[in-house]
Amino acid sequence: GDRDSALRLPMRPLGDTGLEVSVLGFGASPLGGTFGAVDEAAGIDAVHHAFRRGINFFDTSPYYGLTKSETVLGRALRDLPRSEVVLSTKVGRYGVDPRDFDFSAKRVTASVAESLERLQVSYIDIIQCHDIEFGNLDQIVHETLPALAALRSRGLIRHVGVTGLPLEAFHYALDRAPPGSVDVVLSYCHYCLNDTTLLGSLPYFRAKGMGIINASPLSMGLLTKGGPPDWHPAPPQLRAAAAAAAAHAATRGWDIASLGLGFSLRQPDVSSTLVGMFTREEVDENTNTALRVLGATEVAADEAQVLAEVADILAPVRDLTWPSGRPLP
Ligand code: NAD
């Protein structure tokens, strides 16, 4: 009834793709064990629960858990209606070492076939070039994107995206990409409490008709009570400031994850915010946060006050990031 629909997550258009995605997306990297061991049944249950709570957008990669995330997500998707799910996976990144990238036409074409098999689907809604700053951007523009366009014309994939950390890499690639060859940009760690540099690129992405995905609103665990995993690339001063912000929020009765996700979700130019999740509890907490912030027209005074205090703590590390990939050509 009407009450139920009022409690559903809002949907937004994904740029010019014609797809509608839930404002909160399910990041499946934790299903691969990226943030600690996972119980496969619990992970599958989290995916089903997310769908029931109105999340229709699921993002994975062959890289997450070295194919495990795709395999587990595929098992979960068997029970969901394919046409109601927007499924995104990636090509080009297959390991942690810089040598584990391969954006050649041959490899990405084979990679899509392998992903279709692991995900147990006949098409993929969005294929993204994974962490383009590690590849040769000119190869991505002139070889990878045309290879993906060929897969699109065969109906195996529907839309194409690029992902990465340095925003300049997106500008380089989009300035040169053949028209119509890129539909979606996935940026991460650049629109969250401690880093809002994505704002500088939003007008450019919008002008290009891109679907804009903001991933890692919790800064890959920095903005959580438990803190980030050991592999987290943040410099020590950023880690320390994030921990101080989390501790301060807690003394004021707030979970930093709820404050942080709420902050990211309030950005209307982002089509979907992708959070990594692998338990039903995280799905519930995060959908509740989305309903709380998007169900209100303004930020409540007490929350605004704590947000301002947290911003003060994070001010010395504002927009501090870390190196990723090769220098631009
Ligand atoms: P994130 O900022 O979403 O943080 C994930 C961590 O926060 C996990 O440890 C998760 O268990 C925990 N978490 C989630 N909800 C929580 C809550 N309510 N309270 C406490 N902890 C909570 O980082 P992420 O997972 O790296 O990013 C989200 C998704 O975006 C990824 O799973 C992936 O799908 C995508 N992503 C893509 C790229 C890329 O393509 N290069 C990069 C980063 C992220």
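Residues numbered from 1 in each chain as written. Predicted model: local features only at pLDDT ≥ 70, side-chain atom pairs only at ≥ 80, totals over all residues.

### Remarks on the sheet that holds strand β4 (residues 57–59)
Thinking step 1. The sheet built from eight strands closes into a barrel, its strands ordered β3-β4-β5-β6-β7-β8-β9-β10 with parallel pairing. Taken pair by pair, the neighbouring strands of this sheet meet at an average axis angle of 30 degrees, ignoring direction. (Pairing = 2+ DSSP bridges. Helix = DSSP H or I, 4+ residues; strand = E, 2+ residues; numbered from the N terminus. Axes fitted to C-alpha atoms, helices over the stretch in contact; angles between N-to-C directions.)

### Topic: the site of the ligand
Thinking step 1. Surveying the vicinity of the ligand reveals 28 residues, the closest of which are Gly27, Ser29, Ala215, Leu218 and Gly276.
Thinking step 2. Looking at the shell around the ligand, the elements with two or more residues in it are β8 (184–188), β10 (272–276) and α10 (280–294).
Thinking step 3. Counted by class, the shell around the ligand contains 14 nonpolar, 10 polar and four charged residues. (Near = placed C-beta within 6 Å. Nonpolar A, V, L, I, M, F, W, Y, C, P; charged D, E, K, R; others polar.)

### Thoughts on the pairing of strand β7 (residues 157–164)
Consecutive side chains along a regular strand alternate between the two faces of the sheet.
Thinking step 1. Among the eight residues in β7, seven count as buried, and that is most of the element.
Thinking step 2. The parallel pair strand β6 (residues 124–129) and β7 is bridged by helix α5 (residues 137–153), and the resulting crossover is right-handed.
Thinking step 3. Examined bridge by bridge, β7 and β8 share four bridges and lie parallel to one another. Bridge assignment links Thr163 to a residue of β8, and that residue is Leu186. (Buried ≥ 20, exposed ≤ 12 C-beta atoms within 10 Å, placed from the backbone. Right-handed = clockwise from strand over helix to strand, strands pointing away.)

### Considering the nonpolar core
Thinking step 1. If you look at the biggest cluster of nonpolar residues, it comprises 97 residues, and the most contacted ones within it are Leu73, Ala173, Val185 and Leu223.
Thinking step 2. What Ala173 contacts, discounting residues up to four positions off in sequence, is Ile132, Leu137, Ile140, Val141 and Val162. (Core = buried A, V, L, I, M, F, W, Y, C linked by C-beta atoms within 7 Å. Contact = placed C-beta atoms within 7 Å.)

### Observations concerning the packing of helix α9 (residues 256–265) against α10
Thinking step 1. For the pair α9 and α10, the least separation of the axes is 9 Å and the interaxial angle reads 50 degrees. What the angle tells us is that α9 and α10 run oblique. The chirality of how α9 crosses α10 is right-handed. Between α9 and α10, the contacting residues are Ser258, Leu261, Gly262 and Leu265 on the first element and Asn286, Thr289, Ala290, Arg292, Val293 and Leu294 on the second. (Parallel < 35°, antiparallel > 145°, perpendicular 65-115°, else oblique. Left-handed = near helix turned anticlockwise from the far one by under 90°.)

### Re the environment of Val38
Thinking step 1. When you line up the elements, Val38 lands in the loop between β3 (24–27) and α2 (40–52).
Thinking step 2. When the 21 C-beta atoms within 10 Å are taken as the criterion, Val38 is described as buried.
Thinking step 3. Linking Val38 and Phe278, residues 240 residues apart in sequence, is a C-alpha distance of 7.6 Å.
Thinking step 4. Those residues in contact with Val38 that sit more than four places away from it in its chain are Pro30, Leu31, Gly33, Gly43 and Phe278.

### What to know about the confidence of the model for the chain
Detailed reading of the predicted coordinates is not advisable wherever pLDDT falls low.
Thinking step 1. This prediction gives the chain a mean pLDDT of 96; 98% of its residues lie at or above 70.
Thinking step 2. Interface predicted TM-score (ipTM) for the complex: 0.98; the corresponding pTM is 0.97. (pLDDT = per-residue confidence, 0-100.)

### Some remarks on α5
Thinking step 1. Between its terminal C-alpha atoms α5 stretches 23 Å, which fits the 24 Å expected from 17 residues at 1.5 Å a residue.
Thinking step 2. At Thr144, α5 shows its largest kink, close to 30 degrees, and the proline Pro146 lies no more than four residues downstream.
Thinking step 3. Where α5 is buried, its residues contact α4 (105–119), β6, β7 and α6 (167–176).
Thinking step 4. Immediately downstream of α5, the backbone of Gly155 shows phi near 80 degrees, a positive value. (Expected span 1.5 Å × (residues − 1). Bend = angle between axes of the 7 residues up to and from the residue.)

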